[in-house]
Amino acid sequence: MAKHAVLSSGAKMWRSLACAKSELRLDLTLAGGQSFRWRETAEGHWTGVMGGRVWTLTQTDETLWYHVYTSSDRQGQAGVGDRKRRAGVSLQNKSEMRFKGALKKEEEEPVAVTPVQDTKEEEEMLRDYFQLNVTLGDLYKGWGAADPHFQRIADIFTGVRMLRQDPTECLFSFICTSNNHISRIHGMVERLCRALGAPLCQLDETSYYDFPPLSALAGNGVEARLRDLGFGYRARYLQQSAAQILDTHDLQWLDGLRSTSYLLARDALRTLPGVGTKVADCVCLMSLDKAEAVPVDTHVWQIAKRDYSFAPGSGQKSITDKLHRDLGDFFRKLWGPYAGWAQSVLFCADLKKFQKLKEKAPLKRPKKEEEDEEKVTVACKSIKIETEENGTVKNTKTKSARHKKAKTSV
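None of these values were measured; they are calculated from a predicted model.

Asker: Please clarify how the overall build of the protein should be interpreted in this entry.
Answerer: Along the backbone of the protein there are 20 helices and seven strands. Counting only residues that meet the buried cut, the protein has 53% of its 410 residues in that class. Within the protein, contacts between residues separated by at least 24 positions form 72% of all contacts whose residues are at least 6 apart in sequence. Element-wise, carbon and sulfur atoms account for 50% of the exposed surface of the protein, whose accessible area totals about 19,200 Å².

Following this line, the structure appears as C-alpha cells:
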C-alpha cells in the first residue's frame with residue numbers, strides 16, 4: 001500500500017523551491033481556518049488536495065518541499081483532466097452515476113498511487129496557491145509600523161499567508177462554516193468530498209477525494225443525502241447555491257468575479273442562499289483576489305474591542321451590516337490595501353490551538369512600545385469612519401495607506 005511521503009526517507013522524489021519560513025509557515029497557514037483540506041500526516045508534513053491532486057508539503061528554514069501523488073491511470077495526462085474537473089465538466093457523468101446508486105460509495109476502492117516527477121505546471125500551481133509573488137515581509141513591516149500591537153504579534157506569528165483557493169471549493173466550504181468550528185468544518189468538508197467528489201488516491205489507508213463539481217452539488221436528492229451526513233440546514237444552502245449558479249450564470253461565473261471590484265463581487269455572492277456578508281468576505285479574500293476584504297465575526301469583533309478599543313456597536317449583541325462595514329473600514333484605514341491579510345494574522349494568533357506559541361515566546365512589551373500603543377489607541381478612538389452612500393471608505397490617507405505596496409518577485 002502506498003504511504004504518505006516523508007522527506008527524511010529520501011529527497012529523490014521531492015521537489016523544492018526557495019521560500020523562507022518568514023514568508024510562509026505551513027502550520028499557521030494551512031491550519032488557521034482558511035482551507036479545510038489539509039492535515040498533518042507526519043511531524044511538519046501536511047497532506048491535502050489542491051487542484052485535483054494530492055500533495056504532501058514540508059519545509060526547512062529556507063526551502064519549501066513538495067511531493068505530488070498521482071493515480072497510475074492518470075500518468076502523462078499533463079493536468080488537462082484536473083482543469084476540466086475544477087470547471088465541473090469531466091466528472092459530471094461519473095458523479096451523477098455514483099449519486100444515483102449505480103456505483104455505491106462503500107464499494108469504491110481508490111486506486112493506488114505512484115509518485116511521479118514534478119512538472120513546471122505543478123510548481124506554478126503551488127506558487128499561485130500560496131501567492132508567493134507577494135513579499136510578505138514587506139507587508140509585515142508596513143503593518144507593524146502603523147500598528148504596535150500587530151508588531152508584537154508578528155514577532156511570533158510570522159509567515160501567515162493568504163491562500164488563493166479555487167473559488168468553488170472556497171465558497172462551498174465556507175457555506176459549511178455557519179455556526180460551526182474549525183475541527184467540525186474539516187469533517188463536514190471531508191464527508192462532502194467523499195460523498196460527491198471523485199476518488200484520487202489512497203495513502204496509509206486514508207482515501208483522498210477531489211472537491212465535487214457544481215453539477216454534483218446541484219444534483220437532485222443532494223440535500224437529503226447531505227442531511228443524512230449531518231449537514232443540517234446547510235445541506236439546503238449547498239444544493240440551492242450550486243443550482244442557482246448553474247441556472248442563472250455558468251461554470252465560469254465564480255472565476256469571473258476575480259476581475260470585478262471587491263464590492264461588486266461581495267454583493268454578487270450575497271445573492272446566493274446561505275451566503276451572508278462574512279462568508280462573502282471570506283470567499284472574496286481567500287479565492288477572488290480581494291486583499292482588502294476583512295471578514296468579520298464575533299471573534300474578530302472581540303479582537304477589535306479588546307486590542308484596539310473599537311467602540312462602535314459596543315452596546316449591540318449581534319453584528320449588523322453597518323457594524324460589519326464600519327469594522328472593516330476601521331481596519332482598512334489602519335492597515336491599508338492588504339488589510340484582509342493582516343486580519344488573518346491576528347485571527348490565527350487568537351486561535352486556541354496556537355496559544356502554546358505565545359507561551360514559548362512571551363509577548364514583550366517594551367516601555368516605548370506601550371507608549372506608542374497608547375498613542376495609537378487614542379488615535380483609534382478619535383477616528384470617525386466616513387463613508388459614502390455606497391458604504392466605501394472615502395479616499396482619506398493614513399500612515400498605513402501611504403505605505404508602498406509589497407514588492408513582488410516573478
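Once you've had a look at it, read on.
Asker: What's the story with unusual backbone geometry in this structure? I'm lost.
Answerer: Negative phi values dominate among residues other than glycine, just as trans dominates among peptide bonds. Positive phi, normally seen in glycine, also occurs at glutamine 131, with a value near 50°. On the secondary structure map, glutamine 131 appears in the loop between helix 4 (120-129) and helix 5 (136-146). Positive phi, normally seen in glycine, also occurs at asparagine 179, with a value near 50°. Along the polypeptide, asparagine 179 turns up in the loop between helix 7 (167-175) and helix 8 (182-196).

Asker: Sorry, what's going on with the pattern of salt bridges here?
Answerer: If the charged atoms of two oppositely charged side chains come close together, the side chains can form a pair. Overall, the coordinates contain 19 salt bridges when judged by the stated rule. Across the pair arginine 37 and glutamate 169 runs a salt bridge whose closest N-O atoms are separated by 3.9 Å. Note that arginine 37 is positioned in the loop between helix 1 (26-30) and strand 2 (38-42) and glutamate 169 in helix 7, a separation of 132 residues in sequence. Of the two residues, arginine 37 and glutamate 169, neither departs from the other in class, the shared state being buried. With a closest N to O distance of 3.2 Å, glutamate 123 and arginine 127 form a salt bridge. A residue pair is termed a helical-turn pair when its members lie 3 or 4 positions apart in one helix, as glutamate 123 and arginine 127 do in helix 4 at four residues. Classification of glutamate 123 by relative accessible area gives buried; the value is 18%.

Asker: Which parts of the structure should I look at to understand the pairing of strand 4 (residues 53-60)?
Answerer: Two faces make up the sheet, and in a regular strand the side chains alternate between them. Burial within strand 4 is extensive, with seven of its eight residues counted as buried. Of the pairings in the sheet, the one linking strand 3 (residues 45-50) to strand 4 comprises five bridges and is antiparallel in character. Bridging across to strand 4, glycine 48 finds its partner in tryptophan 55. Here strand 3 folds back onto strand 4 in antiparallel fashion, the turn holding two residues, of which glycine 51 has a positive phi close to 65°. In this structure, strand 4 lies alongside strand 5 (residues 63-69), joined through seven bridges in antiparallel fashion. For leucine 57, the partnering residue across the bridge sits in strand 5 and is tyrosine 66. Hairpin connection from strand 4 to strand 5: two residues lie between these consecutive antiparallel strands.

Asker: Before we go on, may I ask you to explain empty space enclosed by the protein in this structure?
Answerer: The gaps left among the atoms become clear once a water-sized probe is rolled over them. Applying the stated rule across the entire model yields two cavities of 30 Å³ or more. Within this model, the second largest cavity holds a volume of roughly 30 Å³. For the lining of the second largest cavity, the secondary structure elements donating two or more residues are helix 15 (298-308), helix 16 (321-335) and helix 17 (339-349). Looking at the lining of the second largest cavity residue by residue, the class counts come to five nonpolar, one polar and no charged.

Asker: I tried to follow the packing of aromatic side chains on my own but got confused; where do I start?
Answerer: A full pass over the atoms with the stated rule returns 16 aromatic pairs. Ring plane angle 45° and centroid distance 6.2 Å describe the contact between tryptophan 38 and tyrosine 129, whose orientation is recorded as tilted. Of this pair, tryptophan 38 sits in strand 2 while tyrosine 129 is found in helix 4, placing the two residues 91 residues apart along the sequence. Assessed through its relative accessible area of 5%, tyrosine 129 is described here as buried. Residues tyrosine 140 and tryptophan 143 carry aromatic rings whose centres are separated by 5.7 Å and whose planes lie at 45° to one another, so their mutual orientation is tilted. Of this pair, tyrosine 140 and tryptophan 143 are both found in helix 5, three residues apart, which corresponds to roughly one turn of the helix. On the accessibility criterion, tryptophan 143 (2% relative accessible area) is buried. By the ring-pair criterion, three or more aromatic residues cluster together here, those being Tyr140, Trp143, Phe150, Tyr308, Phe310, Phe330, Phe331 and Trp335. The ring centre of tryptophan 301 lies 4.1 Å from the NZ or CZ of lysine 305, which sits over that ring.

Rules used in this analysis
Residues numbered from 1 in each chain as written. Predicted model: local features only at pLDDT ≥ 70, side-chain atom pairs only at ≥ 80, totals over all residues. Heavy atoms only, no water. Helix = DSSP H or I, 4+ residues; strand = E, 2+ residues; numbered from the N terminus. Buried < 20%, exposed > 50% of the residue type's maximum accessible area, 1.4 Å probe, protein only. Contact = heavy atoms within 4.5 Å. Areas by Shrake-Rupley, 256 points an atom, 1.4 Å probe, with all protein chains shown as cover. Salt bridge = Lys/Arg side-chain N within 4 Å of Asp/Glu carboxyl O. Pairing = 2+ DSSP bridges. 1 Å grid on protein atoms, 1.4 Å probe; cavity = no way out; pocket = protein on both sides within 12 Å on 5 of 7 lines; lining within 4 Å. Points joined across faces, edges and corners; volume = space filled by probe spheres on them. Nonpolar A, V, L, I, M, F, W, Y, C, P; charged D, E, K, R; others polar. Phe/Tyr/Trp six-rings, centres within 6.5 Å; stacked < 30°, edge-to-face > 60°. Lys NZ or Arg CZ within 6 Å of the ring centre and 35° of its normal.

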